[in-house]
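Understanding the architecture of this molecule
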Amino acid sequence: MTSHPRKRGQGSTGRLFSTERDLDPADWDAARVTAHRMLDDMLDHIETLRSRPVWKEPPAEVVSRFREPLPRSERALSDVHGQFLEEILPFGTGNTHPGFMGWVHGGGTVVGMLAEMLAAGLNANLGGRNHMAIHVERQIAYWAAEMLGFPTDAAGLFVTGTSIANFIALLTARNAMFGRDVRATGIKPSEKPVIYAARSAHDCVRRAVEMSGLGSNALRIVPTDQAGRLEVDMLETTIAQDRRRGLRPLMVVGTAGTVDTGAIDDLTEVARTARRHGAWFHVDAAFGAMAALSPRLKPLLAGIELADSVAFDFHKWGQVPYDAGFVLVRDAGVLKATFASQPDYLRRVGRGLAAGDFWPCDYGPDLSRGFRALKTWFTLQVYGADRLGQMVERCCDVAGYLAERIAATSEFELAAPVALNIVCFGARHPAGCNEWIVEELHMRGLAAPSTTTIDGKTVIRAAIVNHRTGFEEADRLVDAALKLKREFENR
Ligand SMILES: *Cc1c(COP(=O)(O)O)cnc(C)c1O
C-alpha cells in the first residue's frame with residue numbers, strides 16, 4: 001500500500017515525516033537516508049571530539065533563536081537536524097570531551113548512544129506489565145546486587161539520578177521505622193526522627209530530608225576527619241546524645257566517594273554504629289559504586305555490602321548516557337510497602353499483558369518509566385565488568401599522576417588527599433586566582449575542571465570520571481593552569 005503525503009508548503013530539503021494516517025514517514029527510503037545521516041554525523045562528532053575545544057559558549061544570537069512561538073506547521077527532519085548540527089551540537093556541556101573534568105560527569109559511549117536509540121524505537125514503558133524490558137531491568141538489579149555484595153533478591157530500580165535515589169531510600173527508611181501506616185498518618189513531630197550525614201555528604205541528602213517533609217532541622221551534620229571522611233566517633237556521640245534526648249535515629253548516610261574529594265567513609269564502622277542504634281544505613285555511592293568493578297579498588301568500599309540501601313549512578317563512572325541513576329534496597333518488601341498501591345486501572349492478572357510478578361511502579365514513585373536499563377545492559381555486556389573496572393582504575397591512575405604533577409610545582413598545592421579520582425588543588429595566592437584560572441580554561445576551551453571550597457578556600461577541582469581522559473589531558477591541564485597563573489599575576 002502506498003501512502004499519500006499531504007500537500008503542504010514544505011522546505012526544499014527532505015521529505016516530511018507524516019502521512020494523513022499517522023506520524024510515520026511518508027517515504028521510508030528517504031527517512032532511512034536521513035536517519036543514517038544523523039547516525040553518521042553523531043559518530044563523526046564523537047570520533048573527532050579531541051580536535052575541538054572542550055566547551056564553547058552558546059552565542060547570544062543562537063540562544064535568542066530559541067524563543068520562538070510554537071511551530072504550527074511541519075518541517076523536514078533533515079532541516080531540523082541541520083539546525084541541531086549548527087545550533088545545539090557545538091554548544092554542549094563538553095562532558096564527552098577528554099578535557100572535561102568538572103563536577104562529576106560521565107563521558108558516554110557510542111554503545112550507550114546506540115542502545116538509547118534502540119530503546120527509543122521500542123518505546124517501552126517500564127511501569128509494569130508483562131514484557132521483556134522489565135526482565136532487562138531486573139537483570140541489572142541482579143548485577144548491581146552482585147557488584148555490591150547484596151543478596152540477589154534485593155530490589156533495584158532505575159531512577160533519574162542519585163539525588164532521587166537518596167530520596168527514595170529515605171522514604172523507605174521512614175517506612176521501615178514507622179510501618180505502613182506512616183503513608184496515611186505522616187510522621188508526627190513527637191516521633192522526632194533524625195538523619196545523620198557527614199559534612200562531606202552531597203547536598204541532595206539535605207534536599208531529600210527537606211522534600212520528605214521531615215525538615216532539614218532533622219538532619220545532623222557530622223564532622224569529617226582530615227581526609228574528608230565521616231568521623232565515626234562523632235557519629236556515635238551525636239546519636240547517643242540524641243537518643244538520650246528522646247530523638248529517634250532514622251537513617252545514617254555514608255558516602256562512598258564524596259563529591260568534593262572522592263573520600264570514602266569507613267562504611268563498616270558506620271554500618272555498625274547505625275545498626276547499634278537501630279537506624280537504617282544508606283550509602284550514597286553516586287560515582288564510587290563503580291569502583292567495585294576493580295579488584296584493586298573494591299576493598300576501599302568494604303562495608304557497602306552491609307547497607308540497607310545504596311544509591312548510585314550508571315551515568316557517571318559507568319559511562320552510560322544520561323540519565324541512569326539506580327537505587328538498590330536490601331529488603332524488597334519494605335521498598336514495596338513504601339510505594340505499592342493498586343488502583344483499578346492498574347489491576348494485575350494471572351496471564352496476558354497485565355500479568356507479570358514485578359511491576360516497578362510498586363517500588364518507586366514513578367508510574368511511566370523509560371527503558372534506562374537497555375543502555376546499561378548493552379554497556380555492561382559490550383565492555384564487560386572487567387574492562388569497565390580497568391577504565392575506573394585508569395581514571396584513578398590519571399588522578400594520581402595529576403596529583404604528582406601538581407605536588408611537583410611550586411605554584412600549586414594539593415588541597416586534599418586524592419582518595420580515588422578527584423584532585424583538588426590551587427594556588428595559595430593571589431586571591432581570586434583559582435576561580436579565574438578555571439573560568440579562563442573554560443572560555444578558551446582548553447580544559448574544564450570546576451571549583452569547590454576546601455577549608456574555606458576556593459580550589460580547582462578535577463574529577464577524572466570520563467573514560468576518555470588520560471595522562472595527556474592531565475598534562476595539558478597542569479601546563480595550562482601554570483601559564484594562566486602567570487597571566488593572572490601579570491594582568
Ligand atoms: C553526583 C552526586 C550526587 C547526585 O547525583 P545525581 O545523579 O546528579 O542526582 C549525589 N551524591 C554524590 C556523592 C554525587 O557525586
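In this report, we go over the structure that sits alongside the text. Treat the numbers as computed from the prediction; the structure is a model and nothing was measured.

Within the chain, the secondary structure is distributed over 14 helices and 11 strands. The C-alpha radius of gyration computed for the chain amounts to 25 Å, which stays within 12% of the reference 23 Å derived for 491 residues, consistent with globular compactness. The C-alpha extent of the chain, read off along each of the three principal axes, is 80 × 75 × 45 Å. Burial status across the chain gives 50% buried among its 491 residues. Look at the contacts in the chain between residues 6 or more apart in sequence, and 74% of them connect residues 24 or more apart. Summing over all exposed atoms, the chain offers an accessible surface of approximately 23400 Å²; the carbon and sulfur share of this is 52%. Counting 57 positive and 59 negative side-chain charges, the chain places the averaged centre of each group 4 Å from the other.

What follows is about the sheet that holds strand β9 (residues 422–426). Taken together, the 4 strands give an open sheet; going across it, the order is β8-β9-β11-β10, and neighbouring strands pair in antiparallel fashion. This sheet does not close on itself; its edge strands, each paired only once, are β8 (413–414) and β10 (450–454). As paired strands, β8 and β9 are joined by 2 bridges and run antiparallel to one another. Among the inter-strand pairings, L414 is bridged to a residue of β9, identified as F425. The sheet strands contacting helix α12 (residues 372–407) are β8, β9 and β11 (457–463), and the helix crosses β9 at an angle near 15 degrees. Contacting β9, β10 and β11, helix α13 (residues 433–443) runs over the sheet at an angle of about 35 degrees to β11.

Our next topic: the pairing of strand β7 (residues 325–329). Summarising burial for β7: 5 of the 5 residues are buried, a large majority. Residues G325, V327 and V329 line one face of β7 and the alternating positions F326 and L328 line the opposite face, and both faces are buried. Direction of pairing for strand β1 (residues 155–159) relative to β7: antiparallel, over a ladder of 5 bridges. Looking across to β7, one finds that G156 is bridged to L328. Of the pairings in the sheet, the one linking strand β6 (residues 309–313) to β7 comprises 5 bridges and is antiparallel in character. Of the residues in β7, the one forming a bridge with A311 is V327.

Here the focus is the site of the ligand. Near the ligand there are 13 residues, and of these T162, S163, D284, D313 and K316 occur at the shortest range. One of the backbone nitrogen or oxygen atoms of T162 is found 3.0 Å away from an oxygen atom of the ligand. Relative to its unbound accessible surface of 380 Å², the ligand loses 85% to contact with the protein.

Looking now at the environment of A302. Position of A302 among the secondary structure elements: in the loop between β5 (280–284) and β6. Classification of A302 as partly exposed rests on a relative accessible area of 39%. Here A302 is in contact with L267 and T268, once residues within four sequence places are set aside.

Right, let's talk about unusual backbone geometry for a bit. That bond from Y322 to D323 is cis: its omega, -15 degrees, falls within 30 degrees of zero. With respect to the helices, strands and loops of the structure, D323 is situated in the loop between β6 and β7. Going from H429 to P430, the amide bond is cis rather than trans, its omega being 0 degrees. Inspection of the secondary structure assignment puts P430 in the loop between β9 and α13. A positive phi is found at N123, a non-glycine position, where the angle reads about 50 degrees. In this structure, Q319 takes a positive phi of about 65 degrees despite not being glycine. Summarising the element assignment, Q319 is placed in the loop between β6 and β7.

Looking now at the sheet that holds β6. Taken together, 7 strands build an open sheet; the order of strands is β1-β7-β6-β5-β4-β2-β3 and the sheet is mixed. Looking at the sheet topology across the chains shown, the edges are occupied by β1 and β3 (219–222). Across the sheet, the mean angle separating the axes of adjacent strands is 20 degrees when strand polarity is ignored. Where strand β2 (residues 193–198) meets strand β4 (residues 248–255), 5 bridges bridge the pair, whose relative direction is parallel. For Y196, the partnering residue across the bridge sits in β4 and is V252. On top of the sheet, helix α5 (residues 132–148) reaches β1, β6 and β7; it is set at about 70 degrees to β7, its chief contact.

With that settled, the discussion passes to the packing of helix α1 (residues 28–47) against helix α3 (residues 77–88). Packing of α1 against α3 leaves a shortest axis separation of 10 Å and a crossing angle of 10 degrees. One element, α1, and the other, α3, form an angle in the roughly parallel class. Across the interface between the two elements, T34, R37, M38, D41 and M42 of α1 pack against L77, S78, H81, F84 and L85 of α3. Split into classes, the residues belonging to the contact of α1 with α3 amount to 5 nonpolar, 3 polar and 2 charged.

Before going further, it helps to spend a moment on a nonpolar patch on the surface. On the surface, a nonpolar cluster with roughly 250 Å² of combined accessible area is contributed by L114, M117 and L118. Its place among the elements puts L118 in helix α4 (residues 110–122).

What counts and how
Residues numbered from 1 in each chain as written. Predicted model: local features only at pLDDT ≥ 70, side-chain atom pairs only at ≥ 80, totals over all residues. Heavy atoms only, no water. Helix = DSSP H or I, 4+ residues; strand = E, 2+ residues; numbered from the N terminus. Rg over C-alpha atoms; globule rule 2.2 N^0.38 Å. Buried < 20%, exposed > 50% of the residue type's maximum accessible area, 1.4 Å probe, protein only. Contact = heavy atoms within 4.5 Å. Areas by Shrake-Rupley, 256 points an atom, 1.4 Å probe, with all protein chains shown as cover. Lys, Arg positive; Asp, Glu negative; His and termini not counted. Charge placed at Lys NZ, Arg CZ, Asp CG, Glu CD. Pairing = 2+ DSSP bridges. Axes fitted to C-alpha atoms, helices over the stretch in contact; angles between N-to-C directions. Near = heavy atom within 4 Å. Polar contact = N/O pair within 3.5 Å; in protein donor to acceptor, adjacent residues only side chain to side chain. Parallel < 35°, antiparallel > 145°, perpendicular 65-115°, else oblique. Nonpolar A, V, L, I, M, F, W, Y, C, P; charged D, E, K, R; others polar. Patch = residues over 30% accessible without salt bridge, like charges linked within 9 Å, V, L, I, M, F, W, Y side chains within 5 Å. Salt bridge = Lys/Arg side-chain N within 4 Å of Asp/Glu carboxyl O.

These figures come from the coordinates and say nothing about function on their own.
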